[in-house]
Structures are given as structure tokens and as C-alpha cells.
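Remarks on the overall topology
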Amino acid sequence: MRGLSSKESDYSDMNIPLTTADDHYGFEHGSNSSMHSRYPPDTPVSSHRPTQPSSAQKVHKAPGAFKSFISFFTGGSSANQDGIRVIYLNNAERNSQSKYLHNRISTSKYNYVTFLPKFLYEQFSKYANIFFLFTACIQQIDGVSPTSRYTTAVPLGLVLFATAVKEVMEDFKRHASDSETNARKSKVLQGSTFVPRAWHSIRVGDIVRIEGGEPFPADLVLLSSSEPEGMCYIETSNLDGETNLKIKQALPETVHMITPHEVSQLGGLVRSEQPNNSLYTFEGTLVMNSTQGNAKEVPLDPTQVLLRGAQLRNTNWIYGIVIFTGHESKLMRNASATPIKRTSVEKMTNVQIIFLFGILLAMSLASAIGNMVITNRNIAELSYLGLTVSTARDFGLNFLTFLILYNNLIPISLMVTMEVVKFWQAQLINSDLDMYYEKTDTPALARTSSLVEELGQIEYIFSDKTGTLTCNEMEFRQCSIAGLAYADVVEEGKQAHVEDGVEVGVHDFKQLDANLRNHPTSNIIDEFLTLLAVCHTVIPERQEGTSEIVYQASSPDEGALVSGAAQMGYQFTTRRPRSVNIQVAGRDLEYEILNVCEFNSTRKRMSTIVRGPDRKIKLYCKGADTVIMERLGSENEFMDTTLQHLEDYATEGLRTLCVAMREIPEKEYQHWSHIYDRAATTIQNRSDELDKAAELIEKNLFLLGATAIEDKLQDGVPETINTLQQAGIKVWVLTGDRQETAINIGYSCKLIQEDMSLIICNEQTHWETKEFLETKVKAIKSTYQRGDEIEPLALIIDGKSLGFALEKDVEKVFLDLAVLCKAVICCRVSPLQKALVVKLVKKNLKAILLAIGDGANDVSMIQAAHVGVGISGLEGLQAARSADFAISQFRYLKKLLLVHGAWSYQRLSKLILFSFYKNICLYMTQFWYAFYNGFSGQTVYESWTISLYNVVLTVLPPLMLGIFDQYVSARMLDRYPQMYMLGQKSEFFNVRTFWGWATNAIYHSVLLFFACAFIFKNDFIMVNGTIGGAWIMSVTLYTSVLATVLWKAALITDLWTKYAYISIPGSMLFWMGFFPLFAVVGAKVGLTPEYYGIAGPLYSQPVFWLAIIMLPLLCNVRDFSFKYMKRTFFPRTYHYVQEIQKLNIPDYRPRMERFRKAVHKVRNIQRLRRNRGFAFSQNESGTARLIRAYDTTAQKPMG
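Residues numbered from 1 in each chain as written. Predicted model: local features only at pLDDT ≥ 70, side-chain atom pairs only at ≥ 80, totals over all residues. Heavy atoms only, no water.

As annotated in an unreviewed UniProt entry, the protein carries the name Phospholipid-transporting ATPase and is attributed to Dissophora globulifera. Heading Sequence similarities (unreviewed entry) of the UniProt record for the protein holds this comment: "Belongs to the cation transport ATPase (P-type) (TC 3.A.3) family. Type IV subfamily." (UniProt positions renumbered as here; feature names shortened; annotations may be inferred.)

Some points on the sheet that holds strand β32 (residues 793-798)
Strand order across the open sheet formed by nine strands is β14-β36-β35-β34-β15-β30-β33-β32-β31, with mixed pairing between neighbours. Strands with a single pairing partner mark the edges of an open sheet, and in this sheet they are β14 (445-446) and β31 (757-761). Taken together, the two bridges between β14 and strand β36 (residues 885-887) define a ladder with antiparallel strand orientation. Within the sheet, the bridge partner assigned to Ala446 lies in β36 and is Phe885. Where helix α24 (residues 766-786) meets the sheet, it contacts β31 and β32, and its direction lies at approximately 155 degrees from that of β31. (Pairing = 2+ DSSP bridges. Helix = DSSP H or I, 4+ residues; strand = E, 2+ residues; numbered from the N terminus. Contact = heavy atoms within 4.5 Å. Axes fitted to C-alpha atoms, helices over the stretch in contact; angles between N-to-C directions.)

Remarks on the side chain of Gln457
With respect to the secondary-structure elements, Gln457 resides in the loop between β14 and β15 (458-463). Given a relative accessible area of 5%, Gln457 falls into the buried group. A polar atom in the side chain of Gln457 sits 3.3 Å from the side chain of Ser986. (Buried < 20%, exposed > 50% of the residue type's maximum accessible area, 1.4 Å probe, protein only. Polar contact = N/O pair within 3.5 Å; in protein donor to acceptor, adjacent residues only side chain to side chain.)

Notes on the pattern of salt bridges
Under the defined criterion, the tally for this structure stands at 44 salt bridges. The shortest N-O distance in the salt bridge between Arg605 and Glu695 comes to 3.0 Å. Of the two residues, Arg605 sits in strand β26 (residues 605-611) while Glu695 sits in helix α21 (residues 686-697), which places them 90 residues apart along the sequence. We note a salt bridge from Glu668 to Arg662, for which the minimum N-O separation is 3.0 Å. (Salt bridge = Lys/Arg side-chain N within 4 Å of Asp/Glu carboxyl O.)

Thoughts on the pairing of strand β35 (residues 867-871)
When you tally the buried positions in β35, you get five out of five residues, the bulk of the element. Neither face of β35 is exposed, since Val867, Val869 and Ile871 on one face and Gly868 and Gly870 on the opposite face are all buried. When strand β34 (residues 848-853) meets β35, the two strands line up parallel, connected through four bridges. Bridge pairing links Gly853 to Gly870 in β35. Handedness of the β34-helix α28 (residues 859-864)-β35 crossover: right-handed. Pairing analysis gives three bridges linking β35 to β36, with the strands arranged parallel. Across the sheet, Gly870 pairs through a bridge with Ala886, a residue of β36. (Right-handed = clockwise from strand over helix to strand, strands pointing away.)

Describing the sheet that holds strand β6 (residues 231-235)
On the basis of which strands lie adjacent, the open sheet formed by three strands has the order β7-β6-β12 and antiparallel pairing. Edge positions in the sheet fall to β7 (245-249) and β12 (311-313), since each has one partner strand and no second. Within this sheet the neighbouring strands show an average axis-to-axis angle of 45 degrees, counted without direction.

A short note on unusual backbone geometry
At Arg615, a position not held by glycine, the phi torsion is positive, near 70 degrees. The residue Arg615 is located in the loop between β26 and β27 (617-623) in this model. Non-glycine residue Lys750 carries a positive phi angle of around 70 degrees. In this structure, Lys750 sits in the loop between α23 (739-748) and β31.

Details of α24
Taking 1.5 Å of rise per residue, 21 residues should cover 30 Å, and α24 covers 31 Å from first to last C-alpha, within 8% of that figure. Turning to α24, its buried residues are His766, Thr769, Lys770, Phe772, Leu773, Val777, Ile780 and Thr783. In this structure, the buried side of α24 is in contact with β31, β32, α25 (799-805) and α26 (811-820). Immediately beyond the C-terminal end of α24, within one or two residues, lies Gly787, with a positive phi of roughly 85 degrees. (Expected span 1.5 Å × (residues − 1).)

Here it is, written out as C-alpha cells:
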């Protein structure tokens, strides 16, 4: 078994080597094993360091003192940090001395200790909050603030409190999920019995019993199982999204320990590598105490490791030793702390606030200088005011006074309004029935509301493949047997018929059954189905109490083929070490398995040599069409038609496979068998020798036909990706799957188009990778510089080459090439590599990134991106828990981005611009008033009226714009995905737009103030002969500003709903009705003495009514004219779409769909002829030896 585990290409996807086999399994080779032989059994050797991870896998270690400090609180070990980890078997006391980390996990953003510092850091990274905190502090200085000392502190406190409540509620869900996980129970050995214990109480060194269907509570080393040879099946969908089963196997030295008593007698220790983030590698040694007193050392490798996050499947039970717990487990090492994410809109707003603050300082400085100049120059004329000469101290205090007076240029209400709007936008996402998946009763879920507008600016999507784009469900759809095509469902117009005496078209599977009984090709059909039922590595499991058979396959394709054969009457029933049984037409047929020539990526085929019930020896072979065709004999009349069928299958995106056979004479087989046996016992280059032996027998084959399996895509995936690409979004697929499979899915889901040229990077060294990438970049750029046309490009790169490409001196070249390509697929990548690719793009490109996945291996990628989306709907998937948004189907991403994202970005942009506009428009009038009051700090408005402006009178329009406004409908956004590019280009919110609005607000404030100043130049004589005074002008100016601002809101409103009418005309009507009551009651109770007796006389003046109508009209006539000119002569794309929506103009583009499909098929066939290969996901060599140890008729131990 040791020889098997040291092979470079292992049989399991969980055992994908990221480097060479020598690096992985160093404990088995000379240098390392000799080093280990010098270790005393109970003494760790700190000088030994396991193989260092590559730059793409390194974990940054904290300084020693800090780690010691942290370990004091977490229970982490300070021992053995730099050497090897020593774990004692059945010796909890000695293990406790090492103080290994507990098994409790936390994926939350905050805890009791970190909440306050992390929350305050996040909030005060917003410059507006820093400004308001500064203002609130200086308001506490006596004699400085012209307003109440609490006018800023209280609103700021409320903003922070509301935001804190939202953060706590969102993080509470993470804590609840963690508590549920930590409280799960598994059986732990105590004495000689297993007792249930909560996961958080499991410790390093514990021996646990895991039942079938249970998840692993920590990283374990497999000791034994209920299956032969200590095998077990695990499902890693929570790690890599794949539901196909992987095989693990215990060491031969421990497989006999199948009772609690036997395993409790196990003595010795485990030496292992320190915790790391590599899911696919492990180095360790099991040191077992023997009865003779000598310690026996046995090497451990990834074959024996069961990772936290995986589940035990189709195995009754296993025993395992806990080696890594909690945040030291490989799964958690691939996770990262929940990051603090801030949107690009927030960042830009922050920058503009800095500039506004600079203007505010300039205004305050100018006002303070004006006060000093006027006071000192005119002190004699102003003696009745009792003024003294203004000093430097007075200047400083006046500067602070004006800073407070003008501080509302930066709207404090904006923060509250944005939080409320984002919350409701998140609720609109949650309640969208178009994104509700009825099958699993799963709605869309916005786990955080802070990033909704970011959804409207995505430029790159990084997607997992398995479970995200595909369902990972293989279905046997079609086959070609003896030149005749068969399918489970035959499309109309393609039914089989006879032309010129030749059968053409497609038969259904019912006809296949009929042809099997009575047709000239019945013998070939029999051999074809027999091959599918016999040539494989599937294990049949009978369900207890029923006759139903469940096929356990480490390759989902093989499972689909065997299930397909069973549906057609060739049912695989039994596997023994040297034979298999199938049932055909009620007869039980036994086939002796003589030899298995295993699949590997070089051979691209698998052969099984069997002796049938008729005692004839036959070779059954299946594999890629290219390798099978090369090995056919001269008489193969069905080759051309089979090739045509293969092209048809591949055009439909099906995974194809050719099957062939030959009958072998007894003498030839005996001669070949000796050659094969010698190759199987070769010490050096055994794999190559076995391949050479197989070549000798795999010749002169007879082509039986071909199979076509559908790797079922999720509904709507091709259409969604095509639409996203039309929207200007680049899609990169980062998958742990094989290259051929990933490319095939790329074509199926329209990520890779027929007219694309593939750039495939499979280099083996750093320098080869660098040279390959540089050559390609240079060639592409030179082509562009010459002005030549170039086909669209797609980059395919495997995990090994990607590891080199992510190193410092290559990463920029890799990124340059990737950006030049329309599509990128990274195959065989680790979770950390996924995150590093995202971080590389994030660091070097000014683009908003989204990552989407469904497994725990996608969590790092999801958290590294600006926006993370998890696929939910399957129990236990951590991606959805760690993501910012969760949807149950990939196709819902289209509406999430193109509709909700576009709306949210446009709404938030409009909200922010309008909020700044309305505050600048009002408070700049205060600055202009300073020129009339000698820069004394006197306010032009009554203080409670100022408060009402932001809290009541203008609070509804921003909310309405932010929640309900639609610049175009969802139907139009779906029909014209190109409009999404408006968000990518920041058309609605950028520096130019922001300062355009700010300048417009200043322009309006100038018109409003100086027009009112002109009207009230000589004061105002009331109807009753009295003088109006300053407060008459104040209310007139205030009402004119309010009317102007609300009119502006009406101009920018695209969708008039009842909420728009309530918010805009309703706010104005409310003020006009509320003011008389406010003036009378407020004056009587002493709240607003300034308004005493002015309501009636003011409302009776025609000048007042004329002013509040004409002044807003004067301000907005320019805005209306500008809007008219822009829409008429300089329209943007969404202006056209608004007209199409308004006039309900039909879309004639669907007429081109039929033509586009025809072109699609022609191009696809041209591509296939140019580069036809196989798309079958078969496991690498190594499985056959395990499978041939299996006996489904044997009684399994109870454990």
C-alpha cells in the first residue's frame, strides 16, 4: 500500500498533489526516513522542518511573543511550533501538556472583546464620522457654539447606535451558526467504550468513531473502517463542491483494529507536520508500540487523512485519531477572518467629504477674518455693541464658531439615510420571488446590506465550477452503437427513419431494447452494454431490507455509465476481488477479472481483461476518441458514423467516450500476462512499464460505439453567462476539477465561445511558465500594434503552473495575459490559490470583483473579493454562511447584478448627490448672510427650523429616491444588459458629477439668498403697517429653499409612485400647513419666540407667495433646460431605453436567434475538427488495487 500512496497521480481528487511526489511523501524516501529513524520515540526533533509550502501556500506567522500572548487566551500550543507535532495515542494527559488548540471554531466578525475597537475603527474610517465627532467635541466649549452643544453629538450617537445594532444582528447569525456547529456530537473513546461528546470538547489525540453520513469533527488519521482493507468513502462537497465520492484507506498495520477494546490498546505516538493550509498534502509518521518492546514506524500520507468539512458516506463506521482541531484544521486554515468591506461609492464619498471639509475650513477662515477686520476697523462706530479689539484668541474661537455654524454642509443625516435605504434594498432582494427557488424553499438572502450598491459595478466574476455552474449530476443521455444513434429523449424532427435502405436519425432507448432482441447489430449491442457493466471501478451497495442497489463511484461518469447499463437490463450486482457479477434477462453472469489496465492522464483510457461465462478472454476498453481510434483494427465499418455522432454529442456539450473490445486468444494472453506481471513488480518506473505492457495488448480493437453523458448544468447557466458577458463582465472559473472537464464545461456554459483560441498553460517549472506567459503576451500585443485582427482568447492554466504564475516576478505577466483574454479557466487550483488570484486582480486593477461558490473551499475567495456570493440550498455549505449574499441558483446572479445591483447603485448615487445638494443649498445661504451681519455668527434661520429641515421636511425624498425610484424597469435591464456598463464606468456617481451637483447647489443658494435680500432690501412693510423684520425674510428664504430642493427632487425622479407624491408635494404641503401651528404654539411655550405673531401677516402677503413660487422656478428653469438639452441632443444609452419603455416599442432582436444558432453549430463543428478530444472525468491510476480487495458478499464488522 505504501508504494501505491507514493505515486505522483493519486486516485482521489482530495489527494491532488500540488508539487512532486517526492515533496509530498518525503517520509517514505531515503533522506527523510533515515532522519526519522534517529528520533527517540517520545522526543520531538525541532530541527526537522516539513516541506515548505510554495509562495502560493505560505501562511504568515505572527511573532513569537504575540503567538504566546494569543495562546494564553486560545489554548494554542507554544510547544513544537517550529518542529514536528507529537501526538500520543490513548494518553490524554501527555497531550494536554502540549496545550494544543481547542476544537471550538468561530467564523463571526466580532466577539465581546473585539466588537468595540473593530466597530469604531470601521465607522471612523468614514471621514464624515470623524468630522462630526470633531464638531461634537468643539461644541462642548463654552461660548463657542452658536447652537446647542448636543445638536451634533446626539445625532452622531444615534447613527452609531443604529449601525451597531445592525452589525450585531448580522453577526448574531454567524454566532448562532458557530454555536450549532460546536454543539454537534461525535463518539470519543473513553477507556474501552465510545461515548458522545460535543465537538468543542474534542481534543488532539482523541480516538473518535464516526458513523456513516456524519461529518468529521476535526482532521483525523484513519485507523480502520467497516470496509475491506480499511477503506472508506468520503464526500467533500463542503470542501470542493464535488458530490462524487473519494476513497481513503487505513494503513495495513491498523486495519485489524475493529473493536473499541482493540483500538484502546493502541500505544505509541503520531509525528505530523505542523498545521498548514494545504488540503491535498500531509506528512507524518505513526510510531506503534509492539509487544516485543520495539517501536514500529509507519509513514502516513494524504491517503489516511480525513479532513474536517468532509462527510463519511456509504461506510458504516470508521475509527480515527484527531490530529488537528478547530482553527488549526486544514479547512479553517484556508479560511480567513471576516474582512471589513467598504464600497467604492463610500470611498469616493469619503474623498469628496475631505474636499468639502477643505471648503468648510476656507469658509470658516474667511468668516473669522471678516469678523476680525470688521470688528477692529469699525469698533468706534459699533461702540453701542460693547465690542473689544479682536485678538488671536478671539479669532480662534470665532473660527470654531463658524466651523460649527457651517458644519451641516456635510449632511449628518446622510449616514442614517444610507443605512435605512441599504437595509430596505436588502429586503427587496430577500423578498424577490424571481430569485426564490421553490424546489429547496430557498429565497435570496442579503447577509449584509452594506454592499448593495457594489452589485451594480461588478467588472470581474470569479466562479467555482462544481456545484456552482454544474449540479455535479451525471446522466447517461445518448449513445452510438454499431453506427446507430440512441437517446433517452429524441427531439422532434430527429426521429429515426429509413432513407435509401439506410437507417438515419436517432432511436430512443426503447428501440435499443427491441434491437437487442432482434436486429443485425444485437451482438454488438450486447457487447457494448456488457462493457459498460463490467469495465469500471464501481462498487455496488445493497440497501438494507431492500433489493435496491446503489452504485458507489469515485468517478461520477462511471456511476452514470453503470446506472445506464442497469436501466437497459445489464445490472451490475456483485464485486469480488477477482470477479464481478451482472444480471441479464434474469440470468446471473460471472466475469472473471484477469487484469485491469488503469486510466491515467497520459493513457486517457482504461481496459479490463475478463474471462466470460463462455470462457473466452476479452479486452474491454473505454477512453478518449483520439486514443481509441489509433488502436482500432482494419475492419471497423462504423468508425465514420461514430465520429459524426461524437461531433453531434460534443456540439450539445455532452461528455463523450469511445468503447471498443477485442477477443484475445488464450496463448497470446498467457504470453502477455508474464510481461504484465514483470512490469507490476518493477521497482523503478513501474507506472511507465505498466503503460508499455498495456500498449502491447490494446491493439486491433473493434469499435463498439460511443457514450454521451450530460454533466448537468444548473438551469439557465449558459444564458446567464452570455448575458453577463454582454453586460461587460468578465467571468473567470477557478476550479479544482480536471482540465479537460473544465474546458468542456466552459464550452457548455458559453464561457468559451466557438470562435475563441485557447491558450493552454501546463508548464512544469517556474522559468518555463514565465517564458510561456511572456511569449504569449508579447505576441498578442504585437498583433494589436500591427492593427491585425485576432480571435477572442481564452486562457486555461493548471494549478501547478498557476502556483508559479502567482510568484512575485511572474504575477504581473500572468495578469497582463489574463486581462487580454475574454475568458479565463484555472484548473486544479487549491482554495488558497483561488483567493490569491482574486487578490492579484484586486490589487492591480481598479475594478470591482465578485466571487461566487458553494463549498468551504470557496470561502477564502469569497471573502477576498469586494462582493462574495454563496450558493445556498444544500445543507451545511459554508460558502453561503460566509458570503455577503446567498442565492440558490447561479442563474439568479443575473437579476441580482443587472437589476438589483444596477438599481441600488443608481439609487444610492442619486441619494448621495441629492443629500449633499440640499444641505449645500440651505447652508450656503448662511454663509452669504454673514456678509450682511458683519460676520457676527448670527444665524439666518431659527435653530429648530434648521433641525426640521433634515429630520422632517427633506428626509422623505432621499428615502423615496433610494428605495423606490427606477430609472428603467427590470424588464428593460434584462433586455438590454449593456446598460449595466453605466455602473462599471461610474456614470451616475463620480467626481465630475459630485462637483456638478455641488456647484449647482451653490448657484441656487446665490440666486435664492440675493433675490430674497433684494426683495427685503428696505425691510418689508406689512399690510397692517408694521415692519416685517429679519424673521419674515428668514421664513420666506427658508420656504423658497425648501420648494427649490423639492422641485429638484421632482426633476430627478424617474418613477412616480404614491411614495413620490407623498415625499415631494407632500413634504411641501406639510410645511405650509405645519408652520402656522409651529409658529403659534412654539412662541407660546417659549420654543420659538422669534416666530411670535408672524404666521398670519406672512401668509397674507402676496409677495411671500410670489417669492416661494418664482424663486424656485428661476432656480430650476436652468436645470430643466439642461435636462431637456441633454436628452434631446446628447442622450445617454439609458435615455433611449427610457423612451423604448415609455412608448412600449417591441424588441425585434429575437428574429436573429435562429440564425445565431446555426452559426453556433457550424463554428462548433469546425472547432471539434480542429481540436477534438475527450471530455470524460475518469480517476487517475491507483483505484483498481483497492477495488480488487473489495468483496460485497462478505459480512462487514460491526465495530
